[in-house]
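Structure assessment
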Amino acid sequence: MEQDNLIQVGRVVATEAKPSTAYSFSFWAAEGDCKVGIGTLVVVKKGDLEVYGVVVEGFGFTDLNSAMHDYIGSEGDPGSEAPTLRHEVRCYTAAVLRVEPEEPLQPVPVAPVFLADDLVVRNALRMDGFWEKTGIPIGLYQNGDLLSPVYLDSEFLLGPEAAHLNITGVSGLATKTSSIEFILLSIFEHFKDYDDDGIAVVCFNVKGPDMLFLDFPGKVDETSPYYEKYKEHGIDTIDDRDADMYKLLGMPCEPFKNVKYFAPFKSDRVNLNTLRTNADLVGDVTPLSWGLTDILEFTEVVLNRDDVDAKADALISYIKDRVVNETAEVNGQQITVRNFQDMNHWFDMVLKEMEQSNRSEWKTHHYATIRKVYNRLSNLSTRYQGLVSPDEFRSDLPWGDFEDRAVYVVDVANVDPQAQDLVFTRIVSQLRQHLEKGDLGVKHVIVVVDELNKYAPSDGQETYLKQTLLDISERGRYLGLVLFSAQQFRSQVHKRIVGNSATCIYGRMDMDELATPGYQVLTSATKEKLATLSKGQLMVRHPHFNQPIFVKFPRPNILRGPDGIKMFPPANDLPLEEAVWRNLNRLDGGVSRNDVSDIVSSAADPSEIVRAMNITLQRKPDDPVSHFRNCVRKKAGVQMTPDAKPSFIPVLDPDPNDPFQD
C-alpha cells in the first residue's frame, strides 16, 4: 500500500484519561470537511505497522470551561458575533478491525491516521483472503465519492463453516424484503459451486403480495409487453444510481429468472388461495395439495396432542404400516386404501365387523380408540380444506427435481395458522430428508421466512413450526439447509435462532428496540446512527468483521408487491364451470367452453367435477377434454348405455309390516 495515495485525516492521540489500547484508539481530525464520521474506516500507519479501525464514537471540544462563559461573552444575545474565535477540535474513537503484522499485539501507537481506500477496505475487513474465491457482494461501503464493494464469505453464509442470515429493521424502509431479495440475487450471481452443487431458494410468503412478483422487473423499457402497464401506473423504481451500483458489484440489474409459485386451493378446490390470481399470471401457480400418505407422517402436527395418546398412536402406526397403500381384508371384503375416502370406507368396514360380531376389540385396538381416531382423521380433509385432498389428487413441490438457481415461492399468507404449521413443517422436513439422501437435485437450499418474531417468539408455547426453525438453525448447515430470516423486533425472537445466525443485518431500528439488552455491545453513537439510517443503508455483522460495518445496497430490480397488485389485480373467485375451463385450457389452449359446459352439466355431484379436473391436471393427458369426460362418467354413471335395464334385487324374505309391499 502506497502511503502517498492515502488521505491523512488526523493523528492518534493517547491521553492519561483515555489511553490507546490494542483494541481501540482515539484520534483528532483536521478541521473542515475531513469525511470522518461514525462507521468510517481508517488506517494508522507507522513503519511496517498497519492498524485498521472503524470509527464508533465522536466528540467535539473547545477550550470553553462552561456554557456560562460563552453566555456572558455574548451578553446573552445568541445572534451577536463572538468576541473571540475559539478553536474546535473533533476527536473520534475507533475500534480496531485488524493489525498487520498480528504479533506482537500492542496498544495502537501515536501515528498518522488515513482514510481507507479500496485496498484498505478489503484488508480491514479481511476480505483479501476470500473475496475472489467465495465472496458474495452484500453492498457498498461509502465514504464521500468512494464506493467499495463489501463481500461476505459464502462458507460462513451458506456453510459449512457457519451459516444462516438474520435481518432486523422497521417495516417500509427497504430493510427486510428488499435486502433479502438483493442478497439472494447476489448469491445466484456469485456463488461458485466448484463441485456442481447447485443452490435453490424456498420462500414462504407469509403476508400480502410481498414475494409474488419476483420474476417481474421494477423497471422495463419500451420493448417489454408490459411497458404500457408500467407507464400507466408510474412504476419505475430503478434509477441510474442503482444501475451504477450494480455495475460496481458485478451483478446484472435483473429480476429472478426462474421462479415457481405454489399455493393451496381455497375450500372450493378450484380457486387458488393466493393474490396471484390475475388471468395473466395464475397459470404460473401450481396447486399445493397433499393426500393421505403425505399427511399421516405429520399426525403430531395436525392432530391435537391430547388426542394422540399411546393407544391412538399405536392405531395410527398400524394404519400407516398395514393399511395405507396395502390391500387388506375386512369383514370378508378386500379394500385398498389410497386416500381419505378409502380410509373412511375402511373404518366403516372395521366398525361394522365389530358391531356384527359384537366384539370390543379389533386386532388389539379397542372400539373407542378406533372410533376416536376415525373421527380425528376423517376431519382432516375438512379442517385443512383446500390443502388436504380427500381423493387421489396430489400436487407438491418437485422433490428430486429442484433446479439450480431457482426460487420456489410457497404462498401461505391467506391460510390459517394450523395450516401454516403443517406447510412449514412438512416442506422443511422433506427438504431435510432429501438433502440427507442427496437426491433433492441441488445440495444447498435457502429457506426464507419473514415475521420470525411471530413464528419463533422468545416466549409463548412450543409449536412444531418453532421446533422446525430451531432445527434448521442448529443442524441445517451440515446438510446444506440454510435459514434466511427477518423480523421487526430481534429481541422478541428465540435466542437460539438469532444466536446461530452467523451473519446479521440491521436496518433502521426503533430506539425502544435498541434499548434492549441485545444491543449493549454497540456504542451510543452507533445506536443513534442505526435509528436514523436511510433507505438502502444497512449495518452488517459477519464472522470476518470484528466490528459492525455500514453498507449501502441498490434497490432490487424486482416489482414490489403493492405495485404488482396494482398492475395485476387479483381475479374474483370463478364459478365451477369457468374455473374448470380455465384450468383445462392451461393444458390445451383449444379446449372448448361448450364441451366443458356439457360435461359439467352431466354430472350430478360437483365434487366429482373437481376431482376429475384435478386428476386431469395432474396427469396432463394429450386430450384433456376426453380424459376429463371419462373421469366424470366413471363416477357419475353416465357411461351406462340407454338400453341398459335397471337391476332388481328380489326380496326373499319380505317384511310382513312393509306398507309398500303391494
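What you see is a predicted model; the values in this text were computed from it and never measured. (Residues numbered from 1 in each chain as written. Predicted model: local features only at pLDDT ≥ 70, side-chain atom pairs only at ≥ 80, totals over all residues. Heavy atoms only, no water.)

Looking at the sheet that holds strand β4 (residues 49-61)
We count it as follows: In short, DSSP must find at least two bridges between two strands for them to pair. Only DSSP runs of H or I reaching four residues or more are called helices, and only runs of E reaching two or more are called strands; each is numbered from the N terminus. Axis lines are fitted through C-alpha atoms, for helices just across the contact stretch, and the angle between N-to-C directions can take any value from 0 to 180 degrees.
What the 6 strands build is a closed barrel, ordered β1-β2-β5-β4-β3-β6; its pairing is antiparallel. Strand-to-strand twist across the sheet, computed as the mean angle between neighbouring axes with direction ignored, equals 40 degrees. Two strands pair when backbone bridges link them, and β4 and strand β5 (residues 89-100) are joined in this way by 11 bridges, in the antiparallel orientation. In the strand pairing of β5, E57 is matched with T93.

Observations concerning the packing of aromatic side chains
To be explicit about the condition: Aromatic pairing here means that ring centres of Phe, Tyr or Trp (its six-membered ring) are within 6.5 Å. Orientation follows from the plane angle: under 30 degrees is stacked, over 60 is edge-to-face, and everything else is tilted. To sort residues, take the accessible area from a 1.4 Å probe on protein chains only and compare it with the maximum for the residue type: under 20% means buried, over 50% means exposed, and anything in between is partly exposed.
By the definition in use, this model includes 22 aromatic pairs. Judged by centre distance (5.6 Å) and plane angle (35 degrees), the ring pair of F182 and F553 falls under tilted. Of this pair, F182 sits in helix α4 (residues 177-190) while F553 sits in the loop between β22 (549-552) and α19 (561-567), placing them 371 residues apart in sequence. Both residues of the pair, F182 and F553, belong to the buried class. Taking 6.4 Å as the distance between ring centres and 20 degrees as the angle between the ring planes, the aromatic pair formed by F213 and F568 counts as stacked. Residue F213 is located in the loop between β10 (199-205) and α5 (227-232), and its partner F568 is located in the loop between α19 and α20 (576-587); the two are separated by 355 residues in the primary sequence. When its relative accessible area of 1% is taken as the criterion, F213 is described as buried.

A word on the packing of helix α13 (residues 417-437) against helix α15 (residues 464-479)
Operational definition: Our angle categories are set so that under 35 degrees counts as roughly parallel, over 145 as roughly antiparallel, 65 to 115 as roughly perpendicular, and the remainder as oblique. Handedness of a helix crossing follows the sense of rotation of the near helix relative to the far helix, less than a right angle counterclockwise being left-handed and clockwise being right-handed. Here a residue-residue contact requires only that any non-hydrogen atoms of the pair lie within 4.5 Å. Amino acids are sorted into nonpolar (Ala, Val, Leu, Ile, Met, Phe, Trp, Tyr, Cys and Pro), charged (Asp, Glu, Lys and Arg) and polar (every other residue, Gly among them).
Where α13 meets α15, the closest approach of the two axes is 10 Å, and the angle between their N-to-C directions is 20 degrees. Comparing the axis directions of α13 and α15 gives the class roughly parallel. Crossing of α13 over α15 shows left-handed handedness. In this structure, α13 contributes D421, F424, T425, V428, R432, L435 and E436 to the contact, and α15 contributes Y464, L465, T468, D471, I472, R475 and L479. Of the residues that constitute the contact of α13 with α15, the class distribution is 7 nonpolar, 2 polar and 5 charged.

Things to note about the pairing of strand β6 (residues 112-115)
Covered by surrounding structure in β6 are P112 and F114 together with V113 and L115, the residues of both alternating faces. Both strand β1 (residues 8-13) and β6 contribute to a ladder of 3 bridges, which runs antiparallel. By the bridge assignment for β6, Q8 is matched with F114. Relative to β6, strand β3 (residues 41-46) runs antiparallel, the two sharing 3 bridges. Bridge pairing in β6 places V43 opposite F114.

Digging into the side chain of D153
To keep things clear, this is the line we draw: The definition of a polar contact used here is a pair of N or O atoms within 3.5 Å, where within protein one atom must be able to donate a hydrogen and the other to accept one, and adjacent residues in sequence count solely through side-chain atom pairs.
Relative to the assigned elements, D153 resides in strand β8 (residues 146-153). A polar side-chain atom of D153 sits 3.1 Å from the main-chain amide nitrogen of E155. Separated by 2.9 Å, the side chains of D153 and H544 make a polar contact. Excluding its chain neighbours within four sequence positions, the residues that come into contact with D153 are F130, T134, H542 and H544.

Describing α13
As a reminder of what qualifies: Expected span of a helix: the number of residues minus one, times 1.5 Å.
Spanning 21 residues, α13 covers 30 Å between terminal C-alpha atoms, matching the ideal 30 Å at 1.5 Å per step. Here α13 lies mainly inside the structure; 15 of its 21 residues are buried.

Some points on the state of the cysteines
The test is simple: Counting rule for disulfides: a pair of cysteine sulfur atoms within 2.5 Å.
Overall, the coordinates contain 0 disulfides when judged by the stated rule. Free of any disulfide, C203 has its nearest cysteine sulfur in C504, 19 Å distant. This cysteine, C253, is not joined by any disulfide, and C203 carries the nearest cysteine sulfur, 19 Å off. Judged by its relative accessible area of 28%, C253 is partly exposed.

Overview of the packing of α20 against helix α21 (residues 593-602)
Axis separation between α20 and α21 bottoms out at 10 Å; the angle between their running directions is 130 degrees. One way to sum up the angle between α20 and α21 is to call them oblique. Between α20 and α21 lies a crossing of right-handed hand. Residue-level contacts link E577, E578, V580, W581 and L584 of α20 to R593, V596, S597 and V600 of α21.

A look at the nonpolar core
Rule in force here: To form a nonpolar core, buried Ala, Val, Leu, Ile, Met, Phe, Trp, Tyr and Cys residues must be joined to one another through side-chain atoms within 4.5 Å.
Within the largest apolar cluster, 79 residues are counted, with the highest numbers of intra-cluster contacts made by I187, I446 and F484. The leading source of residues in this core is α4, at 7 residues. Setting aside residues no more than four positions away along its own chain, F484 makes contact with L157, L158, L165, I183, L184, I187, I446, V447, V448 and V449. W290, V302, L380 and A456 belong to the second-largest nonpolar core, a separate cluster that totals 76 residues.

Considering helix α11 (residues 367-378)
As a reminder, the rule being used: Summarising the geometry, the arc corresponds to the directions from the helix axis toward the C-beta atoms.
If you check α11, its first and last C-alpha atoms are 16 Å apart, about what 12 residues at 1.5 Å a residue would give, namely 16 Å. The complete set of buried residues in α11 reads T369, I370, V373, Y374, L377 and S378. In an axial view of α11, the angular spread of the buried residues amounts to 145 degrees, which keeps them on one side of the axis. Tucked inside the fold, the buried residues of α11 contact α7 (292-296), α9 (310-323), α10 (340-357), β15 (361-362), β16 (365-366) and α12 (380-383).

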